[in-house]
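Architecture at a glance
Now for the letters of each chain:
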There are 4 protein chains.
Amino acid sequence: MAKTIDLNCDIGESYGAWRMGDDAALLDIVSSANIACGFHAGDPATIDATVAAAVTRGVAIGAHPSYPDLAGFGRRSMDISARDIESAVLYQIAALAGFATANGGALHHVKPHGALYNDAGKNAPLAAAIARAVRRFDARLILVGLPESALIEAGKAEGLTTAGEGFCDRAYEPDGSLRARTQRGAVFDDPKQAAAQAVMLAHSDRVRTICIHGDTSNAPEMAQTVRNALLDAGYSIAPPELL
Amino acid sequence: MAKTIDLNCDIGESYGAWRMGDDAALLDIVSSANIACGFHAGDPATIDATVAAAVTRGVAIGAHPSYPDLAGFGRRSMDISARDIESAVLYQIAALAGFATANGGALHHVKPHGALYNDAGKNAPLAAAIARAVRRFDARLILVGLPESALIEAGKAEGLTTAGEGFCDRAYEPDGSLRARTQRGAVFDDPKQAAAQAVMLAHSDRVRTICIHGDTSNAPEMAQTVRNALLDAGYSIAPPELL
Amino acid sequence: MAKTIDLNCDIGESYGAWRMGDDAALLDIVSSANIACGFHAGDPATIDATVAAAVTRGVAIGAHPSYPDLAGFGRRSMDISARDIESAVLYQIAALAGFATANGGALHHVKPHGALYNDAGKNAPLAAAIARAVRRFDARLILVGLPESALIEAGKAEGLTTAGEGFCDRAYEPDGSLRARTQRGAVFDDPKQAAAQAVMLAHSDRVRTICIHGDTSNAPEMAQTVRNALLDAGYSIAPPELL
Amino acid sequence: MAKTIDLNCDIGESYGAWRMGDDAALLDIVSSANIACGFHAGDPATIDATVAAAVTRGVAIGAHPSYPDLAGFGRRSMDISARDIESAVLYQIAALAGFATANGGALHHVKPHGALYNDAGKNAPLAAAIARAVRRFDARLILVGLPESALIEAGKAEGLTTAGEGFCDRAYEPDGSLRARTQRGAVFDDPKQAAAQAVMLAHSDRVRTICIHGDTSNAPEMAQTVRNALLDAGYSIAPPELL
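Residues numbered from 1 in each chain as written. Chains lettered and ligands numbered in written order. Predicted model: local features only at pLDDT ≥ 70, side-chain atom pairs only at ≥ 80, totals over all residues. Heavy atoms only, no water.

**Concerning the overall build of chain A**
Helix and strand counts for chain A come out as 8 helices and 8 strands. Taking 243 residues into account, the globule formula puts the C-alpha radius of gyration at 18 Å, and chain A, at 16 Å, falls close to it. Seen through its C-alpha atoms, chain A measures out along the principal axes to roughly 45 × 40 × 35 Å. Residue burial in chain A is summarised as follows: out of 243 residues, 61% are buried. Counting only contacts in chain A whose residues sit at least 6 apart along the sequence, the fraction spanning at least 24 positions is 72%. Approximately 9,000 Å² of chain A is accessible, and the part contributed by carbon and sulfur atoms is 50%. Averaged over its 21 positive side-chain charges, chain A has a centre that lies 2 Å from the centre of its 28 negative ones. (Helix = DSSP H or I, 4+ residues; strand = E, 2+ residues; numbered from the N terminus. Rg over C-alpha atoms; globule rule 2.2 N^0.38 Å. Buried < 20%, exposed > 50% of the residue type's maximum accessible area, 1.4 Å probe, protein only. Contact = heavy atoms within 4.5 Å. Areas by Shrake-Rupley, 256 points an atom, 1.4 Å probe, with all protein chains shown as cover. Lys, Arg positive; Asp, Glu negative; His and termini not counted. Charge placed at Lys NZ, Arg CZ, Asp CG, Glu CD.)

**Structural notes on helix α3 (residues 82–102) of chain D**
The terminal C-alpha atoms of α3(D) lie 30 Å apart, and with 21 residues this matches the ideal 30 Å at 1.5 Å per residue to within 8%. Of all 21 residues in α3(D), 17 are buried; the element is thus mostly enclosed. (Expected span 1.5 Å × (residues − 1).)

**Brief notes about the interface of chain C and chain B**
Taken together, the contact between chain C and chain B spans 8 residues of the former and 8 residues of the latter. Area buried by chain C at its contact with chain B is led by C:Arg76, C:Met78 and C:Asp79, which between them contribute 66% of it. Between chain C and chain B we count 2 salt bridges in total. Across the salt bridge formed by C:Asp84 and B:Arg76, the nearest N and O atoms sit 3.9 Å from each other. Where chain C meets chain B, there are 2 residue pairs in polar contact (both at pLDDT 80 or more). Looking at the side of chain C that touches chain B, its residues break down into 3 nonpolar, 1 polar and 4 charged. (Buried area = accessible area lost by both parts, 1.4 Å probe. Salt bridge = Lys/Arg side-chain N within 4 Å of Asp/Glu carboxyl O. Polar contact = N/O pair within 3.5 Å; in protein donor to acceptor, adjacent residues only side chain to side chain. Nonpolar A, V, L, I, M, F, W, Y, C, P; charged D, E, K, R; others polar.)

**What to know about the pattern of salt bridges**
Applying the stated rule across the entire model yields 52 salt bridges over all chains. We note a salt bridge from B:Asp69 to B:Arg76, for which the minimum N-O separation is 2.8 Å. Among the charged side chains, a salt-bridge network with shared partners connects A:Asp48, B:Glu86, B:Arg132 and B:Arg136.

**Thoughts on the nonpolar core**
Ranked by size, the top nonpolar core spans 285 residues in total, and within it A:Leu230, B:Leu230, C:Leu230 and D:Leu230 carry the most contacts. Beyond its immediate sequence surroundings of up to four residues, D:Leu230 is in contact with D:Ile5, D:Leu7, D:Ala198, D:Val199, D:Ala202, D:Ile210, D:Tyr235 and D:Ile237. (Core = buried A, V, L, I, M, F, W, Y, C linked by side-chain atoms within 4.5 Å.)

**Points about the environment of D:Ser177**
Residues and elements named next belong to chain D. Following the sequence through the fold, Ser 177 ends up in the loop between β6 (161–167) and α7 (191–203). Sequence separation between Ser 177 and Arg 83 is 94 residues; the distance between their C-alpha atoms is 27 Å. Residues in contact with Ser 177, not counting those within four places in the same chain, are Ala 171 and Tyr 172. Polar contacts involving the side chain of Ser 177 include one to the side chain of Asp 175, which spans 2.7 Å.

**Digging into the relation of the copies chain A and chain B**
Mapping chain A onto chain B calls for a rotation angle of 180° and an axial translation of 0.0 Å; the resulting RMSD is 0.0 Å. What the superposition gives is, in effect, a two-fold axis relating one chain to the other. Among all residues of chain A, the one whose C-alpha sits closest to the rotation axis is A:Ala95, at a distance of 2.2 Å. By residue overlap, the copies meet face to face through one surface: 100% of the interface positions of chain A are interface positions in chain B. (Least-squares fit on C-alpha atoms with pLDDT ≥ 70 in both.)

**Observations concerning unusual backbone geometry**
All names here are of chain A. The phi dihedral of Glu 148 is positive, around 65°, even though this residue is not glycine. Structurally, the position occupied by Glu 148 is in the loop between β5 (142–145) and α6 (150–157). Residue Glu 148 is classed as exposed on the basis of its relative accessible area of 59%.

**Quick word on the packing of aromatic side chains**
Counted under the stated rule, the structure contains 24 aromatic pairs over all chains. Centroid distance A:Phe73 to C:Trp18: 5.5 Å. Interplanar angle 80°. Geometry classified as edge-to-face. One end of the pair, A:Phe73, is in the loop between β3 (60–64) and α3 (82–102); the other, C:Trp18, is in the loop between β1 (4–11) and α1 (23–27), on a second chain. The class of C:Trp18 is buried, set by a relative accessible area of 0%. Note on A:Tyr117 and A:Phe167: the rings are 6.0 Å apart at their centroids and 85° apart in plane angle, and the pair reads as edge-to-face. Here A:Tyr117, found in helix α4 (residues 114–122), pairs with A:Phe167, found in strand β6 (residues 161–167); they are 50 residues apart in sequence, far enough to count as distant. Assigned by exposure class, A:Tyr117 and A:Phe167 land together as buried. In this arrangement the basic side chain of A:Lys111 is found over the ring face of A:Tyr117, its NZ or CZ atom lying 5.8 Å from the centre. (Phe/Tyr/Trp six-rings, centres within 6.5 Å; stacked < 30°, edge-to-face > 60°. Lys NZ or Arg CZ within 6 Å of the ring centre and 35° of its normal.)

**So, the confidence of the model for chain A**
When the pLDDT values of chain A are averaged, the result is 95; 99% of them are 70 or greater. Across the interface, the model reports ipTM at 0.96; the global pTM reads 0.97. (pLDDT = per-residue confidence, 0-100.)

**With respect to the pairing of strand β2 (residues 32–36) of chain A**
Residues and elements named next belong to chain A. For β2, a buried count of 5 out of 5 residues is recorded, marking the element as mostly surrounded by other parts of the structure. Both faces of β2 are covered, namely the face carrying Ser 32, Asn 34 and Ala 36 and the face carrying Ala 33 and Ile 35. Since β2 and β3 lie parallel, the crossover through helix α2 (residues 44–57) that links them has a hand, and here it is right-handed. (Right-handed = clockwise from strand over helix to strand, strands pointing away.)

**A few points about the interface of chain A and chain B**
If you look at the interface, chain A gives 22 residues, while chain B gives 22 residues. Buried surface at the junction of chain A and chain B, summed over both partners, amounts to about 1,800 Å²; 62% is from carbon and sulfur atoms. For the pair chain A and chain B, the number of links is 2 salt bridges. Of the charged contacts, one joins A:Arg136 and B:Asp48 as a salt bridge, the two residues approaching to 2.8 Å between their closest N and O atoms. Here chain A and chain B share 8 residue pairs in polar contact (both at pLDDT 80 or more) between them. At the level of secondary structure, the elements contributing two or more residues to the side of chain A that touches chain B comprise α2, α3 and α5 (124–137) of chain A. The element contributing the most residues to the side of chain A that touches chain B is α3(A), with 11 residues.

**Some thoughts on the packing of helix α5 (residues 124–137) of chain C against helix α6 (residues 150–157) of chain C**
Residue and element names in this part refer to chain C. Two elements in contact, α5 and α6, have axes separated by 8 Å at closest approach and are oriented at 45°. By the criterion of interaxial angle, the relationship of α5 to α6 is oblique. Of the two elements, α5 crosses α6, and the hand of that crossing is right-handed. Along its contact with α5, which presents Ala 124, Ala 127, Ala 128, Ile 130 and Ala 131, the element α6 presents Ala 150, Leu 151, Ala 154 and Gly 155. Tallied by class, residues from the contact of α5 with α6 come to 8 nonpolar, 1 polar and no charged. (Axes fitted to C-alpha atoms, helices over the stretch in contact; angles between N-to-C directions. Parallel < 35°, antiparallel > 145°, perpendicular 65-115°, else oblique. Left-handed = near helix turned anticlockwise from the far one by under 90°.)

**Here's the deal with the pairing of strand β1 (residues 4–11) of chain D**
Residues and elements named next belong to chain D. Across the 8 residues that make up β1, a large majority, 7, are buried. Here 3 bridges tie β1 to strand β7 (residues 209–211), and the two strands are oriented parallel to one another. Across the sheet, residue Leu 7 finds its bridge partner in β7, namely Ile 210. Where β1 and strand β2 (residues 32–36) come together, 4 bridges link them in parallel fashion. Following the sheet pairing, Ile 11 is matched in β2 by Ile 35. (Pairing = 2+ DSSP bridges.)

Below, the structure is given as C-alpha cells:
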C-alpha cells in the first residue's frame with residue numbers, strides 16, 4: 001500500500017485591497033491549506049472566501065495563527081507572555097474554525113505562522129501556550145511543526161496528534177534547522193530541486209506533511225512539479241487523518 | 001408562574017493596559033453578558049478571562065460584535081459592504097464562541113455593539129448581513145435587538161430566535177427610539193428611575209431582555225437596584241431559553 | 001507663455017509585505033505625488049522610501065490623509081466627529097511632512113484620500129475640519145479638492161491656496177460629479193480616452209491639477225500617454241506654486 | 001547659582017474611550033512631558049489636547065515613540081529591523097512635532113517608550129536607528145536615555161545633545177540597571193522614598209532629568225513630594241536647554 005504524504009501551503013494572505021499569492025491555483029494542487037487568521041494577514045471576507053474555496057476542493061483546512069503584527073506580516077518575533085499568546089492563538093483558531101463550519105467544512109489542523117512558528121520550535125513555554133490553546137479549543141486537531149521541535153513536544157505533552165513538517169523549497173543546515181532567509185541559497189527557485197527534496201523528505205519517517213510556499217512568482221508551477229514527483233515516487237497525497 | 005425577564009450587560013470592554021467597567025460586580029447581578037469580541041474592545045486575554053468569569057457564575061454568554069474601530073470604541077458608523085459585515089460578524093461570533101467552549105460554556109446569543117446595533121436597527125441590508133452571519137455560524141443562537149427593528153425582522157427572516165431589548169437607563173422618544181446620548185436627560189443617573197423603567201419594560205410583551213450599562217460610575221449599584229425591583233415586581237431573572 | 005498644468009498621482013500605497021502600484025514608473029511621469037500617510041496604506045518605511053524617491057525626481061510631495069481604515073483602504077465612509085478628524089488629519093500631514101524634511105524636501109500640498117475626499121466634497125463641517133488641520137500645520141500648503149466642492153470652499157475660508165482637481169480616467173456625470181465606481185464605464189481603460197479628457201480638463205480654468213490613478217494595470221502607460229497629450233497641446237507640466 | 005534638574009513624566013497615554021493617568025495634575029508639577037505618539041497609546045485627538053495642555057503650562061514637549069503595539073502598550077520587545085525602526089520613530093516624532101507647532105509650541109526632546117527604551121539601552125544597532133531618526137528630523141532635539149547606555153552613546157555619535165535619565169520611583173541594581181518590574185520592591189509606593197532617591201539622583205552629574213511615573217494611583221502626590229524635595233535641596237527645576 002502506498003505511503004501517504006501531505007502537501008500543505010500557506011494561503012489566504014491577502015488583506016483588504018492588497019492581494020498576495022495565487023490561492024486558487026495552489027488549492028488545486030495541495031492536500032492541506034494553512035489559512036491566515038487576521039493577525040498577520042486575512043481580513044474576515046478574505047478568510048470566508050478562502051475557506052469556502054478549500055472546502056469546495058476537499059482540501060484540509062488549517063488555522064495559521066500569528067503574532068499580532070499586520071505591518072510585519074507576522075515575521076517579527078514579539079516578546080509576548082505565555083498567557084497572552086495562549087489566548088491570542090485560541091482566538092485565531094476559533095475564528096478560523098467558525099468559517100470552516102459556516103462553509104460546510106471542519107477545522108483539521110493548526111500550524112503557527114512565521115516568527116511564531118520559528119520561536120515555538122525553540123521556546124518551550126511559548127510552545128506549551130500554543131499547544132494548550134489548541135487542546136482547549138479541540139483536542140482532536142493536529143498540531144504541525146518542525147520535527148522534534150519544542151512545538152511538537154508540547155503538542156504531545158498536551159495529548160495532541162502532531163505532524164512533523166518538511167520544507168521542499170528551503171535549504172536545511174546540517175543540524176536540521178532551516179537556513180535563514182537572509183542567507184544565500186536559502187530558498188530554492190528551481191522546481192526540480194524542490195521536487196527532489198520533497199521526495200527525500202517524504203522518505204523520512206519524521207515528516208508527515210511537506211510545505212510548499214505560495215508567495216514566490218512560480219509557486220503554482222513549483223507545487224505541481226513537487227506533486228507530480230511525489231506521485232511518481234509512489235506516494236498518495238492526502239492530509240493526516242484526524243482521530 | 002412568574003414571568004421571566006433577562007437582565008443583560010455589556011462587559012469585557014478593557015483592552016490591553018486600559019481598564020473599563022467593573023465586570024466582576026456586574027456579573028454577580030445580571031443573567032446575560034454581551035462580551036466584546038476584539039473589534040471595539042477586548043483583547044484575547046481579556047475575552048478569555050471575561051468568558052471564564054461568566055461561565056463560573058452561570059451567566060449566559062453573548063457575542064457583542066462591532067464595526068472594526070478600536071479608536072472609536074465602535075461608536076462610529078462605517079459604510080461597510082454587506083459582504084464584509086457578514087464575514088466580520090461571523091469572525092467575531094466564532095472567536096467568542098471558541099472561548100466559551102474552551103472555558104466549559106457555550107455561546108447563547110449575539111447582540112451587535114454601538115453604532116452597528118443602531119445602524120442594524122434601521123438598515124435592512126446591514127441587518128440581513130448580521131442575521132446571515134449568526135445563522136451560518138449556529139442557527140440556534142438568539143439575536144438581540146430593538147423590538148420591531150430591522151435587526152429583529154432580519155433575524156426572524158433567517159429563522160433565528162430573537163429577543164427584543166429594552167434599556168432601563170436610557171430615555172425613549174415617543175416613537176420608541178432611544179433619545180440620542182448627546183441630548184439632555186438621555187441617560188438616567190438615578191437607580192430608582194432606572195428601576196421603575198425596568199419594571200415598565202418587563203411588563204411589555206415586546207421586551208425579553210433589559211440592558212443595564214456598565215460604563216457609568218455607579219453601574220453595580222444601579223444594576224442591583226434594577227434587579228431588586230424586578231424581583232419585587234414578581235419576575236424571575238434568567239436568560240431566554242435556547243431552542 | 002504656456003499655461004501650466006499639474007499631473008498628480010496617488011502613490012506609496014504598499015503596506016508591509018503587500019505591494020501596490022508601480023510607484024517608480026509613475027514618479028518619472030507626474031509632477032505631484034499624493035503619498036499615503038499610514039491610515040489607509042503606507043507603513044513608515046514605505047513612506048520614507050516613497051518620499052525619498054519623489055524628492056530625488058523633483059516631484060512635489062503631497063500628504064494623502066485618510067480615515068483610519070487599513071482593512072477598507074480608506075474607501076469606506078466613517079462617521080467621525082469634526083474634532084477627531086481635525087486631529088487625525090493633522091497627525092498624518094505632520095508625519096508626512098517630517099519625512100519630506102528628513103529627505104531634503106518639503107511638503108507642498110494636501111489631498112484627502114478616498115472616502116474622506118468624497119465626503120469632504122459635500123460635508124461642510126468635515127471639510128472645515130480638514131482645512132483647519134492644514135492651516136494649523138502650515139498655512140502655505142495647497143489644499144486639493146473637487147472644483148467648487150465644500151472642501152475647496154473650506155480651504156478658501158481658512159485662507160489656504162486651493163487647487164481644483166480633474167480626473168482624466170474617470171467618467172463625469174452632467175452635474176460635474178464623478179460617476180460612481182460601481183457604475184458601468186466609470187473608469188477609463190483606454191489611454192487615448194484619458195488623454196483626450198485630460199486636455200479638455202486642462203482647458204478648464206477650474207482645474208489646476210489632473211489626477212491619474214496608479215492602481216490600474218496599465219497605469220504607467222496611461223500616465224505617459226496623458227503627459228504627452230498635455231505637452232502636445234502646449235501645456236507645461238508642473239505643480240502649483242507655493243505662496 | 002542653583003544647579004538645574006529636569007522633572008519629566010510620561011503622559012497622553014489614553015486611547016479613544018479608554019482613560020489613563022491624571023495628566024492635568026502632573027503637568028502642573030513637571031518641567032518636561034513625554035507624550036505618547038499613537039503607537040502604544042495616544043489617538044490623534046488625545047495627542048492634540050495633551051500637547052495643548054503642555055504648551056499652556058510651559059512644560060517642555062517630548063515625543064515618546066514606541067514599538068507599534070497598542071495591545072501590549074509598547075511593553076513587549078519586537079524584533080524589528082533597524083530600517084523599519086528608524087522610519088517608525090521618525091514618523092512618530094514628526095507627528096508629535098506637528099501638534100507642538102500647531103499648538104504654538106515646539107518639540108524639545110525624544111524619549112523612547114517602554115520596551116523600545118529598554119532595548120535601545122543595550123542594543124547598539126537599534127539605538128543607532130533611533131538616533132538617526134532624531135537627527136534626520138531635527139538635529140537640535142535632545143535624546144533622553146539611561147546614562148551611559150547604548151542609546152546615549154548612539155545619540156552622541158549622531159551629534160545630538162543627550163540627557164541621562166534617573167528614575168526616582170524605581171529600585172536600581174548595583175550595576176546601575178533598573179530592577180525588573182516583576183521583582184519585589186521594584187517600584188516605590190512611598191513618596192518620601194522617591195523624593196530621597198530623586199535628590200540623590202540630582203546630585204549625580206550623569207543625570208539631567210528625573211522621571212516620575214504617572215500610572216500609579218498616587219502619581220500627582222508623589223510628583224509633588226519629589227518636586228518639593230528637589231526645591232528644598234536647592235535645585236531649580238527646568239528642562240535641559242536646547243542648543
